[in-house]
Amino acid sequence: MNPTLQPQGDTALVLTVSTALADQQRLWRMQRLLQQRFPDWWLVLGVGNLTVRFDPLTSRAALIEQGMQSAWTDSRDAEPVVGQRHDIAVQYGGKAGPDLAVVAEHSGLTPQQVIELHAAQDYVVYCIGFLPGFPYLGGLDERLIIPRRDQPRQKVPAGSVGIGGMQTGIYPCTSPGGWHLIGRTHTRLFDATRMPPALLAPGDSLRFVPGTEHAA
Amino acid sequence: MSLRILKTGPQCSVQDLGRFGASQWGVPVGGVMDIPALLVGNLLVGNAPELAALEVTLGGLHVRFQSDAVIALTGAWVPATLDKQPLPCWRSVPVRKGQTLALGWAEQGARSYLCVSGGIDVPIVLNARATDLASGFGGFEGRALKVGDILPLGVWDGHAPQASVRAPERGEVLRILPGTEWTAFSQAAQKALVSEPWRVTPDANRMGAWLAGPDLGLDPPLDLPSHSVQRGVIQVPPSGQPVLLLPDAQTTGGYPKIAQVIRADIWRMGQFRPGDSIRFVEVTMPQALAALQAQRQWLVQIENQLKWRIQ
């Protein structure tokens, strides 16, 4: 897909492609190229898009546009970004995952089958955003797709593993949330005192490992 | 060298220019709502621009100084006293150890800044001293300030100008550029955005301000893949009522963006309070850049003038 380039106000330019994994992988490569070529640029990666934020009094939008265009072109044949693999231990069901039965009923599966399907996938980290350390994951089994809750919870505990629409993810900190909660992990996705503070990075992959982590 | 919090008002936190570059980890930029107010305040007390100050929402802060210093109150005009003597805003004022500063309620505007020589010296976390209230890190123990907190002040060389600066007028206009999804909105919605007044609802915090006015909703609603959002974005969730994104906004979002407040007017957004009315005026990119240029020149002029008054 040919990228579109659009200004977002006077201080940002957005390059948009498709949300297909192949395009996202290319965006990871493009981001790495830009980091090498323009270490001072402020990049924000989304799902199927990459934004450069800038100060219009010190940078010309036309030059940034050129830099983005050529990095996209060069990203086609650039070395792939090899991410890390992570195993995330999850306690499914019970108090840790109060909506497991709801997801099972919606999908016509048993709770055990939901756990097996959810834990069978290798998920890809598309990007980090929304909340500190929050991964946008690709790879949810279609049978587990379920609309968000009608009533979002005021307080979803940190580490909760949930499903909302076509996405699954982990809440890195306690926050309001509308996803169905099927489990919880003790793995810390974000720690401001750590460098880097986020455990996961774009291009990483992860697998959920069912366990009785709370007993350990 | 420190100061002690005696009263906080509705909300008070340590803020600076924010966390640039931390968005790669999903961390909001944060920092002060009104950047020029912090920059001028720091100039008035002889500080480097990046030093931290106290951001006071709607007034009500009382502090006692536990060492000599120079202070400046900038941002929203607020009646203030130093040991019961009136103290003007937007002016450098020497204070003595043991003196008490008391802020009344802001008469207009929403955020005042207490800048102190040496800056508020909390630890730097992810490249900034700003408090991330939602995630609970940075600033003073990652939280809003409470009565009894003792805030350390940074080293000060004893030099600060004796000067005042004329406060800029906020007005009720925010200048905008069309957003990335501008053309997805109906002509009626586009027209309503720039012709109707918008009321700031009580649903306003450091992440965003929910506005009330005509319905701008898209039919069918547009759900976009997650993409970068930043302060000044005007996004329209399915409710049809726009949200103005502020410094603590999440780094990415999925709602369509009808417009973007120009950089030169970002500071004004933090000075609106619930019940205030906002008007949006569309400008061109060259007009936006000219406005930003004028703002920078204003800041450079103040810096040059104050250089001569350092004592």
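Note that the structure is predicted; figures quoted are calculated from it, not measured. (Residues numbered from 1 in each chain as written. Chains lettered and ligands numbered in written order. Predicted model: local features only at pLDDT ≥ 70, side-chain atom pairs only at ≥ 80, totals over all residues. Heavy atoms only, no water.)

## A short note on the overall build of chain A
Point 1. When helices and strands are tallied, chain A shows four helices and 13 strands.
Point 2. Over its C-alpha atoms chain A spans a radius of gyration of 19 Å, differing by no more than 12% from the 17 Å that the globule rule assigns to 216 residues.
Point 3. C-alpha extents for chain A along the principal axes are approximately 55 × 35 × 35 Å.
Point 4. Within chain A, buried positions represent 54% of all 216 residues.
Point 5. Considering only intrachain contacts with a sequence separation of at least 6, the fraction spanning at least 24 residues in chain A is 61%.
Point 6. Carbon and sulfur atoms form 52% of the exposed surface of chain A, whose accessible area is close to 10,000 Å².
Point 7. Positive and negative charge centroids in chain A, built from 18 and 19 side chains respectively, lie 4 Å apart. (Helix = DSSP H or I, 4+ residues; strand = E, 2+ residues; numbered from the N terminus. Rg over C-alpha atoms; globule rule 2.2 N^0.38 Å. Buried < 20%, exposed > 50% of the residue type's maximum accessible area, 1.4 Å probe, protein only. Contact = heavy atoms within 4.5 Å. Areas by Shrake-Rupley, 256 points an atom, 1.4 Å probe, with all protein chains shown as cover. Lys, Arg positive; Asp, Glu negative; His and termini not counted. Charge placed at Lys NZ, Arg CZ, Asp CG, Glu CD.)

## Digging into the packing of helix H1 (residues 35-44) of chain B against helix H4 (residues 285-307) of chain B
Residues and elements named next belong to chain B.
Point 1. Interaxial distance between H1 and H4 falls to 10 Å at its minimum, and their mutual angle equals 10°. It follows from the interaxial angle that H1 and H4 lie roughly parallel. Contacts from Pro36, Leu39, Val40, Leu43 and Leu44 of H1 reach H4 at Gln295, Trp298, Leu299, Ile302, Glu303 and Leu306.
Point 2. The residue inventory of the contact of H1 with H4, partitioned by class, reads nine nonpolar, one polar and one charged. (Axes fitted to C-alpha atoms, helices over the stretch in contact; angles between N-to-C directions. Parallel < 35°, antiparallel > 145°, perpendicular 65-115°, else oblique. Nonpolar A, V, L, I, M, F, W, Y, C, P; charged D, E, K, R; others polar.)

## Some words on the environment of Asn127 of chain B
Residue and element names in this part refer to chain B.
Point 1. Relative to the helices and strands, Asn127 is located in the loop between strand S10 (111-116) and strand S11 (150-152).
Point 2. For Asn127, a relative accessible area of 65% puts it in the exposed group.
Point 3. Separated by 105 residues in sequence, Asn127 and Ala22 place their C-alpha atoms 8.3 Å apart.

## What to know about the UniProt feature "domain: Carboxyltransferase" (unreviewed entry) in chain A
Point 1. Taking the UniProt record as the reference, the feature "domain: Carboxyltransferase" (unreviewed entry) is found at residues 3-200 of chain A.
Point 2. Regarding residues 3-200 of chain A, the helix share stands at 25% and the strand share at 29%, and the terminal C-alpha atoms are separated by 26 Å. (UniProt positions renumbered as here; feature names shortened; annotations may be inferred.)

## With respect to the interface of chain B and chain A
Point 1. Taken together, the contact between chain B and chain A spans 35 residues of the former and 36 residues of the latter.
Point 2. Together chain B and chain A conceal approximately 3,000 Å² of surface at their shared face, both sides included; 58% is due to carbon and sulfur atoms.
Point 3. At the surface where chain B touches chain A, the tally comes to one salt bridge.
Point 4. Linking Asp55 of chain A and Arg296 of chain B is a salt bridge whose minimum nitrogen-to-oxygen distance equals 3.1 Å.
Point 5. For the interface between chain B and chain A, the tally reads 15 residue pairs in polar contact (both at pLDDT 80 or more).
Point 6. Elements with a minimum of two residues in the side of chain B that touches chain A: strand S15 (227-228), strand S19 (257-261) and H4 of chain B.
Point 7. It is H4 of chain B that provides the largest number of residues to the side of chain B that touches chain A, a total of six residues.
Point 8. Among the residues making up the side of chain B that touches chain A, the classes are represented as 17 nonpolar, 15 polar and three charged. (Buried area = accessible area lost by both parts, 1.4 Å probe. Salt bridge = Lys/Arg side-chain N within 4 Å of Asp/Glu carboxyl O. Polar contact = N/O pair within 3.5 Å; in protein donor to acceptor, adjacent residues only side chain to side chain.)

## Structural notes on the domain arrangement of chain A
The accessible area lost on association of the parts is a frequent measure of interface size.
All names here are of chain A.
Point 1. Here chain A is partitioned into domain 1 (4-75) and domain 2 (85-210).
Point 2. The gap between the C-alpha centroids of domain 1 and domain 2 is 28 Å.
Point 3. At the junction of the two partners, domain 1 supplies eight residues and domain 2 supplies eight residues.
Point 4. When the two sides are added together, the surface that domain 1 and domain 2 hide from each other amounts to roughly 580 Å², 76% of it contributed by carbon and sulfur.
Point 5. Taken together, the links from domain 1 to domain 2 amount to zero salt bridges.
Point 6. For the pair domain 1 and domain 2, the interface holds two residue pairs in polar contact (both at pLDDT 80 or more).
Point 7. The dominant element in the side of domain 1 that touches domain 2, judged by the number of residues it contributes, is helix H1 (residues 21-37), at three residues.
Point 8. Considering only residue class, the side of domain 1 that touches domain 2 consists of five nonpolar, three polar and no charged. (Domains from an automatic or database assignment.)

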